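# Results of the structural survey
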Amino acid sequence: MNIHAVLQERFRPALASRVDDPTELLEMIRPSAQDAADYQANFAMPLKGVLGKSPRDIAGEIVGEVDVSDMFEPPEVAGPGFINLRLKTDWLRDQLQSAVADERLSIPPAADPLTIVIDYSSPNVAKPMHVGHIRSTVIGDAIYRILQFLGHNVISDNHVGDWGTQFGMIIYGYKNFLSAEAFETNPVGELSRLYKLVSQLEAYQEAVEKRPAEIAQIAQRKAAIATAEANAPADAKEAKKHKKALKKLQRTLVDCERKLLSAERKIKAVESSPELLALATEHASIHDRALAETARLHEGDEENVRLWNEFLPHCRDDMLRIYQRLGVTFDRELGESFYHDRLAGVIENLRAKGLAEDSEGAVCVFFGESETPMIVQKSDGAYLYSTTDLATIDYRMAEWNPDVILYVVDHRQHDHFAKLFKVARQLGHDVDLRHLAFGTVLGSDGTPYKTREGDAETLDSLLDEAVTRARSVVDQTQAGPTLSENEKQRVASVVGHAAVKYRDLSHNRESDYEFSYEKMLALTGDTAPYLQMGYSRVRSIFEKGGVDVDELRGSGAAIQLNEPAERQLGLQLRQFGEALERAVIDYRPNVLTEYVYALSTAYARFFESCHVLRAESEELKQSRLLLCDLTARTLRRGLELLGIEVLERM
Ligand code: ARG
């Protein structure tokens, strides 16, 4: 039972009889961290203005109308009009007791399960996965796990980018720059070398082409600034305006200079290597040539399709290896290529429904004058990312008829999804479409995380580094020194991977966060190693006390909640289900990380103030062991739903 939800339901009629829409007031019933209350309701204060009475009187009247006596002590009105709600300790104890033998820890599955498709990870393959892929992959996986545990019918679908322009690039690279030997021994390594080489040459040619214009622009800005500086007006008000305009000019100059600098760097990287320079000269307009290869692939050119079929399994293997490291699996993996044959149908359907129009040779869906249209087919006949996404929605609706489709994708795709969802609605799809956006992983300098070489680091090397660093953490844990070197390596692997994932999950998904090995591997605070260690500490009690946990659970021993720290731990344990439900209201795994961290903290307090193995009586010892067991199970389950593995000993 979700205590919080029950409270809201019990208070609803009393509030609904006083205001038209009690939703916001009901939100003001919240779990409380104070000693006097487990939950607190603060809605009497805003009602003062509506009802023209003192909040204390309002609180008193409402409390008189609501019956929560089966679960709560008589509510108390405190201070200016807070309602303090304290659970009956006996009720709480009975609830915990029933969780002892329940696999689901007394969390019932959803009464009305929904069918939910979740689209996450979805990397563009043929280039190595990098730090940017962590977020979608781990956030999506956690949401998938939580929804599934809550009893929904969830389908994870990895919408792999296996059909985009990157394939034209590697096809071009393969045809022109292949080292057959390297491809033989390490196909993925060679493909990614080809990809990088072609993008480097593309970037070089673009930089060279744009450089004169950039230089001219800088000169022009400088001249404009000089003129402006020489003509400062005398009038004070005008002078202020003028100064502002000048500042703006200076800022745009800085932007231009920065752009030029970055272009110069790309140029230098190629020109400092005679070999690269020769390639760049020989392969003029390489960008267009690679695009032509992509177009040929899409038209079904035999050679390019053959190459694509040859490359793809290698790309997939590489992707699956990363997923294995991260402990992530998918129900389906329908990549962009799967939809290729359906794209013409999408355009036809849009036309038939009068939604698409020709515009300068392209096919577009318009949304009125104030908004840019969504292009669904370019003038050269090529389809776009949006066309594929529309075909994907059609397919998912026909295949699973879901209530909800979730897209865990970078916030920079906000506009794409806003338009996509509009068109899907116009097409008549009756489904709740949600873009679960996330922020950027930053380096310590506040810009997107990169290696010292300036590349986005591959996910592989980043995970390797986390594991290497986790190895030295193992020496500082309780059980660390007693483990064999092999066991230490295994612990380091589990901790290193978990640390990367947990640090990501513990941030509000929309925020940016700093990638920091030190922070993610800290042994104190809200980190994976702290929680994993907490779990194995709890488990170590059973070993130390020679306790058979199955026997304990079946013993019928009674839970007691006499000490405040016992009661506080009991309350935290009872709130697991609430945390899960709150985590999926807006699909935020950090609600669950906050919960497991709070539970760990409550356990640490309990362990400090209550003896377990040396409890005053045998009954008390059994009761406390049961609380330890519930804590371990809840922690393990909570972490598992976040995709974080635990260890019995660390
Ligand atoms: N492959 C895309 C990218 O890397 C993400 C795809 C997200 N899913 C979707 N249905 N659009 O940007």
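Residues numbered from 1 in each chain as written. Predicted model: local features only at pLDDT ≥ 70, side-chain atom pairs only at ≥ 80, totals over all residues. Heavy atoms only, no water.

## A few points about the site of the ligand
- Surveying the vicinity of the ligand reveals the residues Asp119, Ser122, Asn124, His159, Tyr385, Asp389, Tyr407, Val409, Gln413 and Phe417.
- Separating a nitrogen atom of the ligand from a side-chain N or O atom of Asp119 is a distance of 2.8 Å.
- Within the side chain of Tyr385, a nitrogen or oxygen atom sits 2.8 Å from a nitrogen atom of the ligand.
- Here the residues of the shell around the ligand sort into four nonpolar, four polar and two charged. (Near = heavy atom within 4 Å. Polar contact = N/O pair within 3.5 Å; in protein donor to acceptor, adjacent residues only side chain to side chain. Nonpolar A, V, L, I, M, F, W, Y, C, P; charged D, E, K, R; others polar.)

## So, unusual backbone geometry
- The phi dihedral of Leu105 is positive, around 55°, even though this residue is not glycine.
- Relative to the helices and strands, Leu105 is located in the loop between α5 (89-100) and β5 (115-119).
- Located in the positive-phi region is Tyr587, a residue other than glycine, with phi close to 55°.
- Take Tyr587: it is sitting in the loop between α23 (576-585) and α24 (589-609).
- Residue Tyr587 is classed as buried on the basis of its relative accessible area of 7%. (Helix = DSSP H or I, 4+ residues; strand = E, 2+ residues; numbered from the N terminus. Buried < 20%, exposed > 50% of the residue type's maximum accessible area, 1.4 Å probe, protein only.)

## Details of the environment of Leu307
- With respect to the element layout, Leu307 can be found in helix α13 (residues 302-326).
- Residues Leu307 and Tyr174, spaced 133 residues apart in sequence, show a C-alpha to C-alpha distance of 8.8 Å.
- Those residues within four positions of Leu307 in sequence are excluded, and the remaining contacts are Ile171, Tyr174 and Lys175. (Contact = heavy atoms within 4.5 Å.)

## Focus: the packing of aromatic side chains
- All told, the structure shown has 23 aromatic pairs when counted by the stated rule.
- Measuring from ring centre to ring centre gives 5.6 Å for Tyr407 and Phe421, while their planes differ by 40°; the resulting arrangement is tilted. Separated by 14 residues along the polypeptide, Tyr407 in strand β10 (residues 404-410) and Phe421 in helix α16 (residues 414-426) bring together distant segments of the chain. Take Tyr407 and Phe421: they sit in the same class, and that class is buried.
- Ring plane angle 65° and centroid distance 5.9 Å describe the contact between Tyr530 and Tyr597, whose orientation is recorded as edge-to-face. A residue pair is termed long-range when its members are at least 10 positions apart, and Tyr530 in helix α20 (residues 528-544) and Tyr597 in helix α24 qualify at 67 residues.
- Aromatic ring contacts, followed pair by pair, group Phe338, Tyr339, Tyr395 and Trp400 into a single cluster.
- When the ring centre of Phe149 is taken as reference, the NZ or CZ atom of Arg104 above it lies at 4.3 Å. (Phe/Tyr/Trp six-rings, centres within 6.5 Å; stacked < 30°, edge-to-face > 60°. Lys NZ or Arg CZ within 6 Å of the ring centre and 35° of its normal.)

## Focus: the nonpolar core
- Judged by nonpolar contacts, the single largest core of 166 residues is most densely connected at Phe11 and Phe43.
- In this structure Phe43 touches Phe11, Leu15, Leu25, Met28, Ile29, Ile62 and Ile83, once residues within four positions along its chain are discounted.
- Ile347, Met397, Val409 and Leu433 belong to the second-largest nonpolar core, a separate cluster that totals 32 residues. (Core = buried A, V, L, I, M, F, W, Y, C linked by side-chain atoms within 4.5 Å.)

## So, the sheet that holds strand β2 (residues 39-41)
- If you trace the four strands from one edge of the open sheet to the other, you get β1-β2-β4-β3, paired in antiparallel fashion. The open sheet has two edge strands with one neighbour each: β1 (29-31) and β3 (76-78). If you compare each strand with its neighbour and ignore which way they point, the axes differ by 30° on average.
- Bridging between β3 and strand β4 (residues 82-85) involves three bridges; their strand directions are antiparallel. Each bridged residue has a counterpart across the sheet, and for Ala78 the counterpart in β4 is Phe82.
- Along the sheet, helix α4 (residues 55-65) contacts β3 and β4; its crossing angle with β3, the most-contacted strand, is approximately 170°. (Pairing = 2+ DSSP bridges. Axes fitted to C-alpha atoms, helices over the stretch in contact; angles between N-to-C directions.)

## Points about the sheet that holds β10
- The strand order across the open sheet built from four strands is β6-β5-β10-β11, with neighbouring strands paired in parallel fashion. On the outer flanks of this sheet lie β6 (153-157) and β11 (432-438), each paired with one strand and no other. Mean inter-strand twist for the sheet, computed between neighbouring axes without regard to direction, equals 20°.
- Two strands pair when backbone bridges link them, and β5 and β10 are joined in this way by four bridges, in the parallel orientation. Each residue of the ladder has a partner; that of Ile118, found in β10, is Leu406.

## A few points about the side chain of Glu190
- Relative to the helices and strands, Glu190 is located in helix α9 (residues 187-230).
- Exposure remark for Glu190: the relative accessible area of 3% places this residue in the buried category.
- There is a polar contact of 2.9 Å between the side chain of Glu190 and the backbone nitrogen of Ser179.
- Setting aside anything within four residues of it in sequence, one finds Glu190 in contact with Phe177, Leu178, Ser179, Ala182 and Phe183.

## Side note on the packing of helix α22 (residues 564-574) against α24
- At a minimum axis distance of 9 Å, the contact between α22 and α24 shows a crossing angle of 160°. Accordingly, the angle class assigned to the pair α22 and α24 is roughly antiparallel. When the axes of α22 and α24 are compared, the crossing they make is left-handed. Here α22 contributes Ala565, Glu566, Leu569, Gln572 and Leu573 to the contact with α24, which in turn contributes Tyr595, Ala598, Leu599, Ala602, Tyr603, Arg605, Phe606 and Ser609. (Parallel < 35°, antiparallel > 145°, perpendicular 65-115°, else oblique. Left-handed = near helix turned anticlockwise from the far one by under 90°.)

## Observations concerning the side chain of His4
- Mapped onto the elements of the fold, His4 is located in helix α1 (residues 3-16).
- Discounting chain neighbours no more than four positions away, the residues touching His4 are Ile29, Arg30, Pro31, Tyr39 and Glu578.

## Quick notes on the pattern of salt bridges
- Under the definition given, this model contains 48 salt bridges.
- For the salt bridge of Arg306 with Glu310, the shortest nitrogen-to-oxygen distance reads 3.5 Å. Taken as a pair, Arg306 and Glu310 lie in helix α13 at a separation of four residues, close to a single helical turn.
- On the accessibility criterion, Glu310 (26% relative accessible area) is partly exposed.
- Residue Asp475 is joined to Arg471 by a salt bridge in which the shortest nitrogen-to-oxygen separation is 3.4 Å.
- When its relative accessible area of 40% is taken as the criterion, Asp475 is described as partly exposed.
- Through salt bridges with shared partners, one network takes in Asp432, Arg434, Arg509, Glu510, Asp586 and Arg588. (Salt bridge = Lys/Arg side-chain N within 4 Å of Asp/Glu carboxyl O.)

## Focus: the pairing of β5
- Most of β5 is tucked away: five of the five residues are buried.
- Residues Thr115, Val117 and Asp119 line one face of β5 and the alternating positions Ile116 and Ile118 line the opposite face, and both faces are buried.
- The pairing of β5 with β6 spans five bridges and is parallel. Bridged to Thr115 within β6 is Asn153.
- Viewed along the sheet, the connection from β5 through helix α6 (residues 132-149) into β6 turns out right-handed. (Right-handed = clockwise from strand over helix to strand, strands pointing away.)

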